[in-house]
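# Topology and contacts: notes
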Amino acid sequence: MKTIFITGASTGLGKATAKLFAAQGWQVIATMRNPSVEKELSSIRNITLLPLDVTNPAQIKETREKAIAMGNIDVVFNNAGYGLMGPLEAVTDEQVTKQLNTNLLGVIRVTQAFIPYFREKQGGLFITTTSIGGFITYPFSAMYHATKWALEGWSESLAFELKKIGVDIKTVAPGGIKTDFLNRSAEYTAHPVYDKWVDQLFSKIDPNRFTLAEQIAEVVYEAATDGKDQLRYIAGEDAKAQYAHRIQVGEEAFRKNMEQIFFAE
């Protein structure tokens, strides 16, 4: 039985992925900040819950040791994250630090913690949830995009060195996901100078075009099992369409088109 270690498994994509892999016969180590309050996953026989706050380096090491002690781990799925939105002028240093710690440094630390384990056993796979927001941008999400673009570049560079020790890394880049992410895992800043443009932006976002978390989880499963030497998996029809359009028209034309869409009078 293969095993996957998942961060950010309490809700959304992480939870859907845990359920899918368990249904496919995998052993799942589902981590989250407060596992004591999770009832659904705890009732599934081949899912084990462990506490993990990816902004806590000491807890990362502790949880890694607990997970390794349980047996062989084949895949580490870095999924924990949140979105900081709003004008940069209104963002505090504390918010910037939280965004970087969760979305970027948390992924780096978890990956670094498991590299020696995978190296010693001469095999393993890291999968990281990035975002279509790691290839394109939306207004008023600068810090969120900073982390997702960083993760894509970091993953591409890291792939070279990991391949030399028999370890793989992949990214799954979803578009909008039909979860409560915008309410639960998003933080908004406000500034009166920008409010009318922020309101205009959000009025153009249609959650009905988003993809179910269960469908994105299927892409994670594909990445984990297809055996392909492939770094990136664009997930969701909205993400695929936007990515293809950016490539087709070019970066500058795409950027101008996005401005027209979101800020047309």
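Anything mentioned here points back to the structure above.
What counts and how
- Residues numbered from 1 in each chain as written.
- Predicted model: local features only at pLDDT ≥ 70, side-chain atom pairs only at ≥ 80, totals over all residues.
- Heavy atoms only, no water.
- Helix = DSSP H or I, 4+ residues; strand = E, 2+ residues; numbered from the N terminus.
- Contact = heavy atoms within 4.5 Å.
- Polar contact = N/O pair within 3.5 Å; in protein donor to acceptor, adjacent residues only side chain to side chain.
- Buried < 20%, exposed > 50% of the residue type's maximum accessible area, 1.4 Å probe, protein only.
- 1 Å grid on protein atoms, 1.4 Å probe; cavity = no way out; pocket = protein on both sides within 12 Å on 5 of 7 lines; lining within 4 Å.
- Points joined across faces, edges and corners; volume = space filled by probe spheres on them.
- Nonpolar A, V, L, I, M, F, W, Y, C, P; charged D, E, K, R; others polar.
- Expected span 1.5 Å × (residues − 1).
- Phe/Tyr/Trp six-rings, centres within 6.5 Å; stacked < 30°, edge-to-face > 60°.
- Lys NZ or Arg CZ within 6 Å of the ring centre and 35° of its normal.
- Pairing = 2+ DSSP bridges.
- Axes fitted to C-alpha atoms, helices over the stretch in contact; angles between N-to-C directions.
- Parallel < 35°, antiparallel > 145°, perpendicular 65-115°, else oblique.
- Left-handed = near helix turned anticlockwise from the far one by under 90°.

### Focus: the environment of Thr-17
Turning to its location among the elements, Thr-17 is positioned in helix H1 (residues 12-23). Distance from Thr-17 to Phe-77, taken between C-alpha atoms, is 9.3 Å for residues 60 residues apart in sequence. Among residues more than four places away in sequence, those in contact with Thr-17 are Ile-6, Phe-77, Ala-217 and Val-220. A polar contact is formed between the side chain of Thr-17 and the backbone oxygen of Leu-13, at a distance of 2.8 Å.

### Comments concerning unusual backbone geometry
You will see that Gln-122, though not glycine, has its phi angle at about 60°, which is positive. Mapped onto the elements, Gln-122 comes out in the loop between helix H3 (93-121) and strand E6 (125-129). Exposure remark for Gln-122: the relative accessible area of 67% places this residue in the exposed category. The backbone of Phe-140 shows a phi angle near 60°, a positive value even though the residue is not glycine.

### Re empty space enclosed by the protein
According to the stated counting rule, one finds 1 cavity of 30 Å³ or more in the structure shown. A volume near 30 Å³ is recorded for the largest cavity. Every residue lining the largest cavity is listed: Thr-7, Val-54, Asn-78, Asn-79, Ala-80, Thr-102, Gly-106, Val-107 and Val-110. Ranked by the residues each element gives to the lining of the largest cavity, the list is headed by H3, at 4 residues. Split into classes, the residues belonging to the lining of the largest cavity amount to 4 nonpolar, 5 polar and no charged.

### Re H1
In this model, H1 (12 residues) spans 17 Å end to end at C-alpha, consistent with the 16 Å of a helix rising 1.5 Å per residue. Here H1 lies mainly inside the structure; 9 of its 12 residues are buried. What H1 keeps buried is the set Gly-12, Leu-13, Gly-14, Lys-15, Ala-16, Thr-17, Ala-18, Phe-21 and Ala-22. Just beyond H1, the residue with positive phi is Gly-25, at close to 90°.

### So, the packing of aromatic side chains
Between two aromatic rings, the relevant description is the distance of the centres plus the angle of the planes. Counted under the stated rule, the structure contains 12 aromatic pairs. Between Phe-21 and Trp-26, the ring centres sit 4.9 Å apart and the planes meet at 85°, which makes this aromatic pair edge-to-face. Look at Phe-21 and you get buried, because its relative accessible area is 0%. Trp-26 gets classed as buried once you look at its relative accessible area, which sits at 6%. Ring centres 5.7 Å apart and planes at 45° place the aromatic pair Tyr-117 and Phe-118 in the tilted group. Pair check on accessibility: Tyr-117 and Phe-118 agree, each one buried. Lying over the aromatic face of Tyr-82, Lys-98 brings its terminal NZ or CZ to 4.8 Å of the ring centre.

### Here's the deal with the sheet that holds E6
What the 7 strands build is an open sheet, ordered E3-E2-E1-E4-E6-E7-E9; its pairing is parallel. Where the open sheet ends on each side, the last strands, each with one partner, are strand E3 (47-51) and strand E9 (232-235). Neighbour to neighbour, the strand axes of the sheet diverge by 20° on average, direction disregarded. Here H3 sits on the sheet and contacts strand E1 (3-6), strand E4 (75-78) and E6; the angle it forms with E4, its principal contact strand, is near 175°.

### Comments concerning the packing of helix H2 (residues 57-69) against H3
Geometry of a packed helix pair, given as the angle between the helix axes and the separation of the axes. Between H2 and H3, whose axes approach to 10 Å, the crossing angle comes to 40°. As judged from the angle between their axes, H2 and H3 are oblique. By crossing handedness, the relation of H2 to H3 is classed as right-handed. Contact residues: Pro-57, Ile-60, Arg-64 and Ile-68 in H2; Gly-106, Arg-109, Val-110, Ala-113, Phe-114 and Tyr-117 in H3. Of the residues belonging to the contact of H2 with H3, the class tally is 7 nonpolar, 1 polar and 2 charged.

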